[in-house]
Amino acid sequence: NAGVTQTPKFRVLKTGQSMTLLCAQDMNHEYMYWYRQDPGMGLRLIHYSVGEGTTAKGEVPDGYNVSRLKKQNFLLGLESAAPSQTSVYFCASSYSREAKNIQYFGAGTRLSVL
Amino acid sequence: DAKTTQPPSMDCAEGRAANLPCNHSTISGNEYVYWYRQIHSQGPQYIIHGLKNNETNEMASLIITEDRKSSTLILPHATLRDTAVYYCIVRGNFNKFYFGSGTKLNVKP
């Protein structure tokens, strides 16, 4: 049981380049989330999804787009990377039902934008 | 959605209980309190959560005050491997988590 898998683990981009981060979960969770974590800070929610085909904005959505075409996958896109997007990105997933609302996190993607 | 306040760092002797406080004075009646920890830069790891009553599992205990404005995470016998950043989180709608800056727990031999 892999849980939540993020690819790639590391990436270096030049300003203006684009890329897509992939998050895959094998727990049949309804909800999925993308966070970013800057040095010395807690995680901040970028976007989230409550089901296949649905997405919504979190606290810091500017400069990012997301898609959830399949229940098990949640993609985070950067159309034109900026140095301010240098961060560690975490994906998480959870059930929707009250009793099982525990978020499970991936290992993270470390992104540097030069 | 409620926010949380935690001390930036705490020290604890190995083998002793670690008591980590959290203030969430604006929490609403149906919002849960969650605790996670993050070791180095790994993904956050779930510890425990609760609504009103005290909770205990194999990792820790969670004490929530009667007015629900604060809580304490207790690690009964801290080990060096418990050195981490501990986050107290209030869960918003659609299970959204709002992380603060957390408490860096240093367990010392």
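Residues numbered from 1 in each chain as written. Chains lettered and ligands numbered in written order. Predicted model: local features only at pLDDT ≥ 70, side-chain atom pairs only at ≥ 80, totals over all residues. Heavy atoms only, no water.

Chemist: Even after reading the chapter, I still don't get the overall build of chain A, so can you show me in this structure?
Modeler: Summing up its helical and strand segments, chain A has zero helices and 11 strands in all. Each helix and strand of chain A, placed in order from N terminus to C terminus, yields the pattern β-β-β-β-β-β-β-β-β-β-β. Here the C-alpha atoms of chain A give a radius of gyration of 13 Å, agreeing with the 13 Å that 2.2 N^0.38 yields for 114 residues. Overall, chain A is about 40 × 30 × 25 Å in size when its C-alpha atoms are taken along their principal axes. Residue burial in chain A is summarised as follows: out of 114 residues, 47% are buried. (Helix = DSSP H or I, 4+ residues; strand = E, 2+ residues; numbered from the N terminus. Rg over C-alpha atoms; globule rule 2.2 N^0.38 Å. Buried < 20%, exposed > 50% of the residue type's maximum accessible area, 1.4 Å probe, protein only.)

Chemist: Where do I start with the sheet that holds strand β8 (residues 73-78) of chain A in this structure?
Modeler: What links the strands of a sheet is backbone hydrogen bonding, and the strands pair in either a parallel or an antiparallel sense. Residue and element names in this part refer to chain A. Reading across from one edge, β1-β3-β8-β7 is the order of the four strands in this open sheet, with antiparallel pairing throughout. Taken across any chain shown, the strands that pair with only one partner, and hence form the sheet edges, are β1 (4-7) and β7 (65-67). With strand direction ignored, the average angle separating the axes of adjacent strands in the sheet is 20°. In this structure, strand β3 (residues 19-25) lies alongside β8, joined through six bridges in antiparallel fashion. Bridge pairing in β8 places M19 opposite L78. (Pairing = 2+ DSSP bridges. Axes fitted to C-alpha atoms, helices over the stretch in contact; angles between N-to-C directions.)

Chemist: So what exactly am I meant to see when it comes to the nonpolar core here?
Modeler: Most often, soluble globular proteins keep nonpolar side chains buried together rather than apart. All names here are of chain B. Core analysis: the largest hydrophobic core is formed by 21 residues, its most contacted members being W35, L73, Y86 and L105. Within the residue set of this core, elements represented by two or more residues are β2 (18-23), β3 (33-38), β4 (45-50), β6 (61-64), β7 (70-75), β8 (84-91) and β10 (103-108). Tallying contributions element by element places β8 first for this core, with four residues. Not counting residues within four places of it along the chain, the set of residues in contact with L105 comprises M10, C12, A18, L20, L75, D82, T83, A84 and Y86. (Core = buried A, V, L, I, M, F, W, Y, C linked by side-chain atoms within 4.5 Å. Contact = heavy atoms within 4.5 Å.)

Chemist: Even after reading the chapter, I still don't get the sheet that holds β7 of chain B, so can you show me in this structure?
Modeler: Residue and element names in this part refer to chain B. Strand order in this open sheet of four strands is β2-β7-β6-β5, and the pairing throughout is antiparallel. The strands lining the two open edges of the sheet, one partner per strand, are β2 and β5 (55-56). Bridging between β5 and β6 involves two bridges; their strand directions are antiparallel. Paired with T56 across the strands is S61, a residue of β6.

Chemist: Mind showing me how you'd approach the environment of G108 of chain A here?
Modeler: Residue and element names in this part refer to chain A. Structurally, G108 can be placed in the loop between β10 (104-105) and β11 (109-113). The exposure class assigned to G108 is buried, which follows from its relative accessible area of 4%. Sequence separation of G108 and C23 is 85 residues, and the distance between their C-alpha atoms is 9.6 Å. Those residues in contact with G108, other than ones at most four positions away along the chain, are Q6, P8, K9, V88, Y89 and F90.

Chemist: Please clarify how unusual backbone geometry should be interpreted in this entry.
Modeler: For residues other than glycine, phi is negative in most cases, and the peptide bonds are mostly trans. Each neighbour pair has its own omega, and for T7 of chain A with P8 of chain A the value is -5°, a cis peptide bond. Within the secondary structure layout, P8 of chain A lies in the loop between β1 and β2 (10-13). A positive phi angle is found at H40 of chain B, which is not glycine, with a value near 55°. One can find H40 of chain B in the loop between β3 and β4. Unlike most non-glycine residues, R68 of chain B shows phi in positive territory, near 65°. Among the structural elements, R68 of chain B can be located in the loop between β6 and β7. According to the relative accessible area criterion, R68 of chain B is buried, its value standing at 8%.

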